[in-house]
Every structure is written in structure tokens, then in C-alpha cells.
There are 2 protein chains.
Amino acid sequence: MSTTYDIVAIGNAIVDIIGRCDDAYLAKHSCPKGSMSLVDDAKMSALYAGMGPGIEISGGSAANTAVGVASFGGTAAFIGKIADDDFGRIFAHDIKTSGVAFQATAQKGTSPTSRSLILVTPDGERTMNTLLGISTELGAAELDPVIIAAAKVLYLEGYLFDRPSAKAAFRQAAEIARKAGGKVALTLSDGFCVDRHRDEFLALIKTDIDIVFANEHEITALYQTADFDDAVRRIASDARLAVLTRSAKGSVVVEGGNSTNIAVDPVSHVIDTTGAGDLYAAGFLYGYTQGFSHAKSGRLAAIAAAEIISHTGARPATRLNALASQKGVL
Amino acid sequence: MSTTYDIVAIGNAIVDIIGRCDDAYLAKHSCPKGSMSLVDDAKMSALYAGMGPGIEISGGSAANTAVGVASFGGTAAFIGKIADDDFGRIFAHDIKTSGVAFQATAQKGTSPTSRSLILVTPDGERTMNTLLGISTELGAAELDPVIIAAAKVLYLEGYLFDRPSAKAAFRQAAEIARKAGGKVALTLSDGFCVDRHRDEFLALIKTDIDIVFANEHEITALYQTADFDDAVRRIASDARLAVLTRSAKGSVVVEGGNSTNIAVDPVSHVIDTTGAGDLYAAGFLYGYTQGFSHAKSGRLAAIAAAEIISHTGARPATRLNALASQKGVL
């Protein structure tokens with residue numbers, strides 16, 4: 001009997017340290033609000049020391065998406081690298097008990113499990129400062145071709161492009177998936193990440209990527225335009241399928257000349273936007289892999305994103321299939 | 001200039017791993033609901049593996065109380081032992097940035113920082129399984145006599161009685177505090193803890209302890225009676241001052257022949273009772289050290305306990321002095 005996975009996600013295995021701060025704190029430490037910055041030990045320590053008490057909860061962009069798909073009742077696997085430390089054990093426990101297949105062996109050595117210090121401002125916006133430890137050492141050795149070939153959709157995190165060996169592993173995994181008949185999806189991850197890898201992302205989107213996920217900031221960064229509609233026109237001709245999110249303005253699914261607008265699922269009070277894009281992708285991909293229409297998949301995406309921003313942390317606090325069922329979508 | 005502390009707390013330095021489970025899970029693993037059990041590595045691993053995803057947040061009974069006093073605007077210090085690992089760094093960061101003086105040096109070695117797996121059932125009740133790592137190695141070397149002598153109240157966690165060296169340190173600290181003119185408070189911690197140390201607790205209460213904190217289960221365990229009123233009569237003659245909590249039935253402050261009943265602060269939905277007793281003690285001790293009446297101190301205690309059970313985790317999510325001020329008590 002061969003297993004298939006609705007999605008196999010490859011990304012950074014990260015534990016989030018979530019704390020609250022005000023806008024002045026971000027300004028003082030030159031943290032661009034809403035972005036993800038890569039930081040070294042010294043910067044991480046300085047930011048952490050000045051921040052109030054935190055809570056620790058598993059995260060990682062693609063990992064959050066895999067957990068979201070599983071929470072909808074889909075099948076998911078995650079590939080990422082952890083160290084043999086407390087944070088590594090937390091990450092492994094949480095993703096496995098969320099119903100996501102994860103077989104990484106914790107590595108002993110000098111690099112710690114990756115962690116992201118997430119500063120949440122009173123408006124609920126999150127600003128991330130990530131210490132990329134062992135997760136960026138992901139390479140070909142971590143790719144299980146059997147699992148990757150079993151993916152309906154291979155989901156790749158743009159952040160992985162920040163290290164050459166991870167980028168090479170990323171390309172290799174995409175090839176395995178495509179040869180086995182799977183689709184390949186890419187999330188652009190962050191505006192600065194797009195700036196760092198614009199040309200490669202564009203080339204990939206035109207050739208090897210079946211579905212691209214981006215928010216407004218990322219897609220306009222990709223095309224170096226201030227005009228969202230301009231970016232939509234350009235991605236429509238470059239990508240086979242693009243899913244573009246616009247925070248409170250909803251989202252749009254672009255497939256060639258056709259686009260489907262998706263409204264947001266209303267939230268009375270935004271607590272923490274960490275994981276909003278990741279869970280949006282989870283809802284869309286769950287619907288996509290079940291063969292649902294873009295409109296229905298987008299509705300699931302909006303429900304998952306609304307759930308995640310209504311509490312602290314980027315992992316669902318309730319079963320998403322039950323939530324979608326209550327709302328009459330599943 | 002010499003510093004004084006409203007409270008100096010000595011206890012286990014613990015990071016809580018909080019997850020949800022149903023009553024059947026507790027029964028299957030023979031965990032007495034509402035209690036704290038000491039577990040070994042194997043039991044901890046089995047319980048953790050079968051539990052869903054968790055969140056990590058600093059805890060420790062006396063440490064929670066110290067943080068609560070600081071959140072009311074009082075001055076607090078904490079003495080406890082951490083290892084040089086991720087959990088130790090989390091604990092140290094969180095307590096220091098909560099405004100509590102904490103000067104422990106993280107110890108390198110084989111014992112990890114202590115952690116407690118807290119299983120929260122749908123009724124909000126917590127059941128704790130604690131792996132006592134390095135925190136139980138607390139000994140005389142960790143006692144800073146200058147800090148202890150500066151305490152208005154030295155607050156001691158009954159759990160420390162579970163290891164001889166910690167118990168000896170506990171007695172030594174009490175002597176330092178009393179000689180310097182401070183009061184000594186003891187929390188009985190847990191019904192099973194009382195069963196393990198009944199005679200010693202009773203002897204201490206009659207001689208060296210100025211204020212004893214206990215919940216209904218602990219005080220009836222101390223006197224091996226099923227009748228709360230009977231236990232109240234007996235503690236009234238044994239203790240100088242006793243503060244007894246009864247969950248939803250409120251609490252009573254017993255000082256010789258006088259008792260003051262305190263009503264609970266209503267909570268619309270109990271999420272997680274972890275830390276309820278610890279924060280109750282924080283509110284009472286803050287009031288006590290400011291010279292407030294027992295009624296007013298009890299009101300602060302009830303407000304702090306209500307805040308903590310309305311969210312996950314045993315550290316306040318809001319400033320307790322602001323909350324008490326909103327309610328017209330401060």
C-alpha cells in the first residue's frame with residue numbers, strides 16, 4: 001500500500017518566541033514592521049533581553065501550512081531540520097501530534113534549533129527576527145524521495161532560498177515531485193526575501209512552479225511596482241496559478257485570464273497575525289487537493305486565516321474541518 | 001542604600017508545557033486530576049508523546065507568586081536553580097523581564113532545567129506532571145543572605161521539601177529572614193505533598209511559619225479530616241495566620257479566633273486553572289506587605305486568581321495593579 005500526501009512541505013523548522021512590544025520598540029531596534037529579518041546571536045539577544053515575558057510555540061511558515069492542512073483533515077508531511085535540544089524536541093512533538101508526518105533525526109552539534117523572536121504590536125501585526133540555526137543546513141540528505149514522490153502538492157518555503165544547500169535541495173525536491181506527477185507550490189515568504197532572490201523566483205515561477213502564493217507586499221516587490229493591479233496582470237501571464245492575499249482586503253486567485261476574488265472571514269479582534277499567510281495557504285491547498293473550486297478553496301483559506309489571527313501563535317487552536325463545517329463550507 | 005523586597009520567594013524554577021487532554025487520558029495514565037505528580041523521564045516521555053501540541057510558558061509555583069507581586073507593583077526576588085539549556089534561558093528571561101530580581105547562574109551538567117507537563121481538561125482544571133531536574137539541587141550555596149534578609153516576607157514552596165538539600169536550604173533561609181525581622185510564609189503546594197511531609201509541615205507551622213497558604217484539599221490533608229470547618233478550627237489554633245482557598249467557594253483568612261471570608265472575583269469562562277493558588281497568594285501578600293486589611297488583601301488575591309484562570313498559563317497577561325485599579329480596589 002502506498003501512501004499519498006495532500007501536501008509535503010519543506011521549510012525551516014522553527015520554534016516561535018512570541019512577545020508583545022510597542023511600535024517604539026520596533027523603531028528603536030530598526031525592525032521593519034511586518035517583515036522577517038534574519039538576525040545573528042547578538043541582535044537576537046539584544047531584542048530578547050529588552051522584550052517582556054514570552055511564550056514559546058512551534059512555528060515555521062511551511063510547517064504551519066502542513067499543520068493547517070492536517071487540521072482540515074488532509075494528509076501532510078513536513079521535511080525540515082532540527083537539533084538535539086529542547087526547542088528541537090518541542091518542534092518535533094508539536095508537528096507530529098498535529099497529525100503531520102515528520103521523520104527528522106535531531107542532529108547533535110553546534111547549531112541550535114532555529115527560533116524566531118516574534119514581536120507583536122498592539123494592532124496585532126507581527127514582526128519577526130529569525131535566528132537561522134540548524135534548519136538552514138537542510139540539504140539533499142534530508143530529502144526522502146519516497147515521501148516527496150507521494151505528494152499531490154510539494155509546498156516550498158521561499159525562505160529556504162537564503163542558503164545555497166537548501167536552495168539546491170529545494171530544486172531537487174521539485175524535480176522529484178514533478179516527475180512523480182505532483183504539483184509544486186512556492187510561497188514567496190517575505191518582501192525582503194523576494195528582494196534577495198527576485199530573478200531566481202521569477203525564473204522558477206515561469207518554469208517549475210505550478211502554484212505561487214504571495215501577499216500584496218511580496219507580489220509588488222517581485223515586479224518592483226507600487227501598483228497591485230499591475231502586479232496581478234504580470235503574474236497572470238508568468239504563473240500558471242497564483243494566490244494573492246491582501247490582508248483585510250481579501251484575496252484573489254489568478255489563473256491565466258481568470259481571477260476569483262475571495263472575501264475575508266470577519267474577525268472581531270485581531271490578536272496576532274503570525275501565520276495568517278501560512279494558514280491561508282493551508283486552506284487553499286486543502287481545497288485544491290480535494291478538487292474544490294477556487295471559490296470554495298478560497299473560502300476555506302479565509303476561514304483558516306481568520307482563526308489564526310484571533311489568538312496568539314501560528315498553529316490552529318481548534319480543528320479547522322469542524323470550524324469550516326460549522327460555517328457550512330465543509 | 002539598602003533594597004528591601006516585599007517578597008523573596010524560593011522554589012522550583014520550572015517551565016510549563018501546557019497541553020489539552022480529556023478526562024479519559026488522565027485516567028488511562030493514572031494521573032490524579034488536579035494534583036501534581038513527580039514523574040521520571042520515562043513517564044514524562046509517555047505522557048508527552050500521547051498529548052497534543054503544547055505551548056511553553058514559564059511557571060513554578062513560588063516564581064508565579066513573585067511575578068504576581070511584581071505585577072501589582074510590589075518588589076520581589078526569586079531564588080531557584082536553572083540549567084544552561086533552552087528552558088533555563090526561557091525561565092530566566094521571563095522572570096527578569098517580569099520585574100523580579102533573579103540572579104541565578106545557569107549550571108552546566110547533566111540535570112536539565114525542570115519542566116512540568118500540565119494537562120488541562122475541558123473544565124479548565126490542570127493536572128501537573130513534573131520532571132524535577134536541576135531545581136531540586138537547590139542548596140545552601142544558592143541562598144543569598146543579603147537578599148533573604150531584605151525580605152518583608154520570605155515565601156517558601158512546599159514542593160521544595162521533596163529533596164533533603166532543598167529542605168535544609170529552606171530552613172536556613174527561614175532562619176536568616178526571621179533574624180532580620182522578616183516574616184516567613186509557606187504554601188503547602190499540593191495534597192500529596194502534604195501527605196509526604198505532614199509532620200514536618202505541622203511542626204513548622206506551629207513554630208517558624210508566620211503565614212500558611214493552603215487550598216481546601218491541602219488543609220484537610222494536613223489534618224486528615226474530610227471536614228473543612230474542622231480543619232479551619234485546627235489551623236486557627238496551630239498557625240498565626242492562615243489563608244485558605246476553596247476554588248469557586250471563595251477563601252477565608254484565619255487569624256487566631258478571627259476569620260475573614262473573601263468572595264471570588266467572577267470569571268465568565270475558566271480556561272486554565274494553572275497558577276490560581278499562586279496568584280491568589282501574590283495578591284494577598286502584596287496587600288499584606290502594604291499593610292492593607294485582610295479583606296482588602298483578599299480582594300486583590302481574588303482579582304489576581306480570576307485573571308490567571310481566564311487564560312492559558314500561570315503568569316499574568318495584564319498588569320495586575322491596573323486591573324485592581326479598574327475594579328476600584330487600588
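What counts and how
- Residues numbered from 1 in each chain as written.
- Chains lettered and ligands numbered in written order.
- Predicted model: local features only at pLDDT ≥ 70, side-chain atom pairs only at ≥ 80, totals over all residues.
- Heavy atoms only, no water.
- Helix = DSSP H or I, 4+ residues; strand = E, 2+ residues; numbered from the N terminus.
- Buried < 20%, exposed > 50% of the residue type's maximum accessible area, 1.4 Å probe, protein only.
- Contact = heavy atoms within 4.5 Å.
- Areas by Shrake-Rupley, 256 points an atom, 1.4 Å probe, with all protein chains shown as cover.
- Core = buried A, V, L, I, M, F, W, Y, C linked by side-chain atoms within 4.5 Å.
- Buried area = accessible area lost by both parts, 1.4 Å probe.
- Salt bridge = Lys/Arg side-chain N within 4 Å of Asp/Glu carboxyl O.
- Polar contact = N/O pair within 3.5 Å; in protein donor to acceptor, adjacent residues only side chain to side chain.
- Nonpolar A, V, L, I, M, F, W, Y, C, P; charged D, E, K, R; others polar.
- Phe/Tyr/Trp six-rings, centres within 6.5 Å; stacked < 30°, edge-to-face > 60°.
- Lys NZ or Arg CZ within 6 Å of the ring centre and 35° of its normal.
- 1 Å grid on protein atoms, 1.4 Å probe; cavity = no way out; pocket = protein on both sides within 12 Å on 5 of 7 lines; lining within 4 Å.
- Points joined across faces, edges and corners; volume = space filled by probe spheres on them.
- Least-squares fit on C-alpha atoms with pLDDT ≥ 70 in both.
- Pairing = 2+ DSSP bridges.
- Axes fitted to C-alpha atoms, helices over the stretch in contact; angles between N-to-C directions.
- pLDDT = per-residue confidence, 0-100.

Asks: With reference to specific residues and values, describe the overall build of chain A.
Replies: Within chain A, the regular secondary structure consists of 12 helices and 13 strands. Referenced to the eigenvectors of the C-alpha coordinate spread, the extents of chain A come out at roughly 50 × 45 × 40 Å. Burial statistics for chain A: of 330 residues in total, 61% are counted as buried. Contacts in chain A between residues far apart in sequence, at least 24 positions, make up 73% of those at least 6 positions apart. As displayed, chain A has an accessible area near 12300 Å², and 51% of this comes from carbon and sulfur atoms.

Asks: Give a detailed account of the nonpolar core, specifying residues and quantitative values.
Replies: Core analysis: the largest hydrophobic core is formed by 124 residues, its most contacted members being Phe78 of chain A together with Phe78 of chain B. Core analysis: the next-biggest nonpolar cluster, separate from the first, contains 110 residues, Ile79, Ile118, Met128 and Ile219 of chain A among them.

Asks: Any details on the interface of chain A and chain B? Residues and values, ideally.
Replies: The interface of chain A with chain B comprises 19 residues on the first partner and 19 residues on the second. Buried area between chain A and chain B, summed over both chains or domains, comes out near 1600 Å², and the portion from carbon and sulfur atoms is 52%. For chain A, the biggest contributors to the area lost against chain B are Glu56, Asp86 and His93 of chain A; these three give 34% of the whole. Arg115 of chain A is paired through a salt bridge with Asp86 of chain B; the nearest N and O atoms lie 3.6 Å apart. Where chain A meets chain B, there are 11 residue pairs in polar contact (both at pLDDT 80 or more). Elements supplying a minimum of two residues to the side of chain A that touches chain B: helix 2 (41-50), strand 4 (55-59) and helix 4 (86-97) of chain A. Looking at the side of chain A that touches chain B, the element that brings in the most residues is helix 4 of chain A, giving 7 residues. Class assignment of the residues belonging to the side of chain A that touches chain B gives a composition of 8 nonpolar, 5 polar and 6 charged.

Asks: How would you summarise the packing of aromatic side chains if you had to cite specific residues and measurements?
Replies: This model, assessed by the stated rule, comprises 20 aromatic pairs over all chains. Look at Phe284 of chain B and Tyr288 of chain B: their rings are 6.3 Å apart centre to centre, the planes differ by 25 degrees, and that puts the pair in the stacked class. Of this pair, Phe284 of chain B and Tyr288 of chain B are both found in helix 10 (residues 276-289), 4 residues apart, which corresponds to roughly one turn of the helix. On the basis of relative accessible area, Phe284 of chain B is assigned to the buried category, the value being 0%. Judged by its relative accessible area of 24%, Tyr288 of chain B is partly exposed. Aromatic ring contacts, followed pair by pair, group Tyr155, Phe213, Phe284 and Tyr288 of chain A into a single cluster. Sitting over the ring of Phe228 of chain A, Arg246 of chain A keeps its end group 3.8 Å from the ring centre.

Asks: Lay out the layout of surface pockets in plain terms, naming residues and giving numbers.
Replies: Here the largest pocket is characterised by a volume of approximately 1800 Å³. Considering the residues around the largest pocket, the lining is formed by 47 residues, among which Ile55, Ile57 and Thr312 of chain A together with Ile55 and Thr312 of chain B are closest to the centre. Across the lining of the largest pocket, the residue classes tally to 16 nonpolar, 23 polar and 8 charged.

Asks: Got a sec to walk through the relation of the copies chain A and chain B? Specific residues and values, please.
Replies: When chain A is fitted to chain B, the best match, at an RMSD of 0.0 Å, comes from turning it 180 degrees and sliding it 0.0 Å along the axis. Within this description, the copies of the chain are treated as partners about a two-fold rotation axis. Residue Glu56 of chain A of chain A places its C-alpha closer to the rotation axis than any other residue of that unit, at 2.4 Å. A symmetric contact is evident, with 100% of the interface residues of chain A recurring at the interface of chain B.

Asks: Any details on the pattern of salt bridges? Residues and values, ideally.
Replies: All names here are of chain B. Evaluation of the coordinates by the stated rule reveals 40 salt bridges over all chains. In this structure, the salt-bridge partner of Asp123 is Lys33, at a minimum N-O distance of 2.7 Å. Of this pair, Asp123 sits in the loop between strand 6 (114-120) and strand 7 (126-131) while Lys33 sits in the loop between helix 1 (23-28) and strand 3 (36-38); the two residues are 90 residues apart in sequence, bridging distant segments of the chain. A salt bridge links Lys167 to Glu200, with the nearest nitrogen and oxygen atoms 2.9 Å apart. With Lys167 in helix 6 (residues 164-179) and Glu200 in helix 7 (residues 191-207), this pair connects stretches of sequence that are 33 residues apart. On the accessibility criterion, Glu200 (26% relative accessible area) is partly exposed.

Asks: With reference to specific residues and values, describe the sheet that holds strand 13 (residues 258-262) of chain A.
Replies: Residue and element names in this part refer to chain A. Within the open sheet, the 8 strands sit side by side as 5-1-8-9-10-11-12-13. Their pairing is mixed. Each edge of the sheet is formed by a strand with only one pairing partner; in this case those strands are strand 5 (76-79) and strand 13. Averaged over all adjacent pairs, the angle separating strand axes in this sheet is 15 degrees, with direction ignored. Across 5 bridges, the pairing between strand 10 (residues 211-215) and strand 11 (residues 241-245) is parallel. Across the sheet, Phe213 pairs through a bridge with Val243, a residue of strand 11. Contacts from helix 3 (residues 61-71) reach strand 1 (5-10), strand 5 and strand 8 (151-157), with the element oriented near 165 degrees to strand 1. Against the sheet, helix 10 (residues 276-289) touches strand 1, strand 8, strand 9 (183-187), strand 10, strand 11, strand 12 (251-255) and strand 13, its axis set at about 160 degrees to strand 8.

Asks: Tell me about the sheet that holds strand 12 (residues 251-255) of chain B, residues and numbers included.
Replies: Sheet strands pair via backbone hydrogen bonds, and the direction of the pair is either parallel or antiparallel. Residue and element names in this part refer to chain B. Spatially, 5-1-8-9-10-11-12-13 is the arrangement adopted by the 8 strands of the open sheet, whose pairing is mixed. Looking along the sheet, the strands with just one partner apiece sit at the ends: strand 5 (76-79) and strand 13 (258-262). In this sheet, neighbouring strand axes are inclined to one another by 15 degrees on average, regardless of whether the strands run parallel or antiparallel. Note that strand 11 (residues 241-245) and strand 12 share 4 bridges and pair antiparallel. Bridged to Leu244 within strand 12 is Val252.

Asks: Outline the confidence of the model for chain A, listing residues and values.
Replies: It should be kept in mind that the predicted coordinates are not to be read in detail where pLDDT is low. Summing up the model confidence of chain A, the mean pLDDT is 95 and the portion of residues at 70 or higher is 99%. Our summary of model confidence lists the complex with pTM equal to 0.94 and ipTM equal to 0.92.

Asks: Before we move on, could you go through the environment of Arg115 of chain B and cite the residues and values that matter?
Replies: For Arg115 of chain B, the position within the fold is in strand 6. Taking the C-alpha atoms as reference points, Arg115 of chain B and Leu132 of chain B, 17 residues apart in sequence, are found 6.9 Å from one another. Other than its neighbours up to four places away in sequence, Arg115 of chain B contacts Asp86 of chain A together with Ile14, Val15, Ile17, Met44, Asp85, Phe87, Asn129, Thr130 and Leu131 of chain B. Among the polar contacts made by the side chain of Arg115 of chain B, one reaches the main-chain carbonyl oxygen of Thr113 of chain B at a distance of 2.9 Å.

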